[in-house]
Structures are given as structure tokens and as C-alpha cells.
Amino acid sequence: VTDAGSSGAPEGQSDSQSLAESESADPLGELANRVKELEADKKKREDADKAKKEKEAQQPSLKLGGQLVIDSLWFSQSPSSRSALGDIQDAFDFRRARLYAQGEYQSFNYAAGFDFAQGTATNGRPTFLDNYIGVGDLPIVQNLRIGHFFEPFSLERSSSNRWSTFIERSLPDAFAPSRNLGAMLFGQNQDQSFYWAVGTFRGDTDNFGDDSGDRTGQTFDTRLVFRPYYDEQSGGRYYMHLGGAYSFRAAPDGEMQYRSRPEAFGNSDSNNPATPYFVDTGTLAAINGQLFGQEFLWVNGPLSLQSEYVFAPVNQAGGPTATFQGGFVTTSFFLTGEHRPYNRESASMDRIRPRNNFSPAAIGDRCNPGIGAWEIAARLSFIDLDDANVRGGVLRDTTFGTNWYLSPYHRMKFDYIVADLDRTVSHTHTHIFGLRFDTDF
């Protein structure tokens, strides 16, 4: 029996002890308190992340990267090839050794890149890659880019060499403009089914973006791309790309020239190339030239089909119009089930990501075999520089390739190329074996 004024707690136990036991016996109360603590921690982290992003938004971002490409080439020539082209030397060299930086600040973006493997051995400077300043979110025109970068022409040229199926781009790439100094407007519609780009460039800038003179060959370019379908649910494993491009080119200093090596370059030193030019128009006295390009790409899971065709009329000074042409057809198949990714913002190819990166420790594991991605491919391409009074030659390449993507950033490629050349009265055969080690970071 307890006194009427007592708290009812057992003898020797205080009121606070009784209350604590009562709360500990309430699991719902403990859970509610824990939820409140977690929500408070989450809000604290979100506020910290928001403050960090707001601070970063007030400063330019910077991303550093690079690429290292090592090539080995072996040549086997027929007697007629040796007679027409000389003894082509096997080559082992750095095809590319690049460093670049890129970033953005609010609506602005920028890039600076340099290659230490290309150019001549005597210029003492790395060649310029993409070096530009851009601004986005513009009304109507959407994006503006000014600087040194690729003119908008050709799907193959607009796509990074890092995503190329073969060691080198195809023969008609000899027509595609390289990086030049200029300005470009570009954008796309809301559902990303249509892409457009227009630009004007100084068509004869050197490897450093420099140019001088009154007749430097101004160009006007446009590229239009339509995607009839792109499968969102599969992450872009199924899509089609249809495109076309046009370029008008004033002849710099009243001269134009087209030439091409086979789809293997060898030494990149332009003063001492290991692989000679197989076809060459020579220097033509010209007023202007034009480029018309067609693009097609179809990807159906691991299977893809791509083709491009270019024809290039040259309005010669004091002579007839000479029209040159070139094209290719490529098919590839991923034995390990991957597909060729696509970047809709730039209407170009994108990085290939293996389902399972190469890992020696995982080989034989059914869940993660660790073998990377494997692709087989074939390409037929040609370039014809014979027309009117010009006899630059006709070159046809048949290429078979096997690619091993060890990871999204490490690649090995093996190409076998048969180059058939018709030049004046000679017909030659050259067999080329190419091995590439390629990494970017």
C-alpha cells in the first residue's frame, strides 16, 4: 500500500527513472526521433551541397585530359607498287600525344588542346587542336563557337578519332575540312531529332590557327542532320542518322589541292612521312571549290552500317571544272553485345563502353568474364582524283578490322588494308598491316 501523495513508482526508483523506462518501452517514439535526426542530417547535407554548387557556379570549371596513340605499320608491296611509290618503310611511331583542357562558366564554354606528335620536326611548337570560346543558351541560334576547330562537315570528321572503328578515317576524309579558324552557330530542336550547324572559316589556317594575306580562302559551311528514330528505352541501341553538308571554298592564293594516303599514315612528320601520298591532284590554279557530302548511319544493337559520299567540284582558273569524288561503306558487329553510342547534342559518335572491362582476375567468371568488348568490322572506300585535265589517280581500299576495347578508355586495333591504286598507266597493290594502342584520360 502506498501513500496517496506518492508517485506510484516502486520503492527505490525515482520519477525520472520511471519516465525513461516508459520512453524506452515506446519503439514508435524512438523511431520517430530517429527519423527526425536523419531528416535533419539530410537537410544539412543538401544545404552544404547547394552552397558548394552555388560557390562553384561563380568560378570557371576546368577538366584536364589527354590521349596517347602508338601505331605499328607493316607494308607488303607488289613490284608495280614499289616502282610507282618507292620502297615504303615500315613504321612505329606516336600517332598522337595530346593534352587538353576544357570547362565552362555559366553559359560560356571553352577548350584548349595541343598535340606533341603531329606537325614537323622543326617547328618547335605543338600543333593546335580545339582551341575555342563558346556561349550557349542564346535565343533562336542556341550556340555560338569562335576559335580553331573542325568545320561542320562529315559525320566521320565531326566524331572524335577516339570513337573511330578503324585506325584511320576513310579515303574521302581527304576532302573534309580540317580544323580552321572561324565561327559557327549550331543547335537542335526540342526532341533532338534535328541538328543544324552553319559557319564561316579562314580555309587556309596552319596547324597553329595562324593565317595572313588578302586571299586566304574564306569558307561558308552548313551541316544538317535528321534522326528518323532513336530508341530512348534501350539507351540508344537502335537509331538512324541521315545527314548532308555543303561547303563553298574560295581558293587560297588562287590554288587548291587534294591528296590522300591510304588508311594508314605512319610517321606524322609532314616533312618526312613514312607513308607517301598515293593520289594527288598537284597544285591547281583555281577560283573556288565546293564540297557536297552525304551521311548515313544505322545502328541495330551490336550491328551497324555507315556510309558517306563526297563530291568536290573545283572551278579552275583558265581551265575546265574538275569534279573529284570519294565514298565509303562500313559495317561492324560487336561479338560481346555492345553497340555504337551516339551523341545527339553534336550529331556525332560517342564513347564505346564495354559491358565488362578487361580484368585478368575475372576471366572465366560467368557473371563478369572480364574480357572487354570485341568488335569486327569491314570497310570499302575509294577516292577518285581523275577528271577533266587532272590525273591525280584513283585509290580503292578494302579494310578488315578487329577491335578490343579493354575499357572505355583503353583500346587496341588491328587493321588489314589492301590498297589498289590506278595512276596514269600503272596499277599497283599494297598490303598494309596496322596495330594501334590507344588510351585517353
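Look up a bit, the structure's there.
The rules behind each value
- Residues numbered from 1 in each chain as written.
- Predicted model: local features only at pLDDT ≥ 70, side-chain atom pairs only at ≥ 80, totals over all residues.
- Heavy atoms only, no water.
- Helix = DSSP H or I, 4+ residues; strand = E, 2+ residues; numbered from the N terminus.
- Contact = heavy atoms within 4.5 Å.
- Areas by Shrake-Rupley, 256 points an atom, 1.4 Å probe, with all protein chains shown as cover.
- Pairing = 2+ DSSP bridges.
- Salt bridge = Lys/Arg side-chain N within 4 Å of Asp/Glu carboxyl O.
- Buried < 20%, exposed > 50% of the residue type's maximum accessible area, 1.4 Å probe, protein only.
- Core = buried A, V, L, I, M, F, W, Y, C linked by side-chain atoms within 4.5 Å.

Caption draft 1: Here's a closer look at the overall build of the protein. The helix and strand inventory of the protein stands at four helices and 22 strands. Residue pairs at least 24 apart in sequence account for 63% of intrachain contacts in the protein once pairs closer than 6 positions are excluded. Looking at the protein as shown, the accessible area adds up to about 22500 Å², and 55% of this sits on carbon and sulfur atoms.

Caption draft 2: Highlighting the pairing of strand β10 (residues 238-250). Bridging between strand β9 (residues 218-230) and β10 involves ten bridges; their strand directions are antiparallel. Paired with Leu224 across the strands is Gly244, a residue of β10. Taken together, the 13 bridges between β10 and strand β14 (residues 284-300) define a ladder with antiparallel strand orientation. Bridging from a neighbouring strand, Gly244 pairs with Gln294 of β14.

Caption draft 3: View of the pattern of salt bridges. In total, this model carries 20 salt bridges according to the counting rule given. Of the charged contacts, one joins Glu168 and Arg436 as a salt bridge, the two residues approaching to 3.3 Å between their closest N and O atoms. Taken together, the residues Glu168 in the loop between α4 (155-158) and β7 (179-188) and Arg436 in strand β22 (residues 426-440) connect sequence positions 268 residues apart. One exposure class covers both Glu168 and Arg436, and it is buried. Among the charged side chains, a network of salt bridges with common partners joins Arg162, Arg351, Arg411, Asp438 and Asp440.

Caption draft 4: Layout of the nonpolar core. Judged by nonpolar contacts, the single largest core of 33 residues is most densely connected at Phe175, Tyr258, Phe324 and Leu395. Once you skip the residues sitting within four places of it in the chain, Phe175 turns out to touch Tyr258, Leu291, Val310, Ala312, Phe324, Gln325, Gly326, Ile383 and Leu385. Core analysis: the second largest hydrophobic core is formed by 18 residues, Met184, Tyr195, Ala197 and Tyr342 among them.

Shape descriptors only; they carry no functional weight alone.
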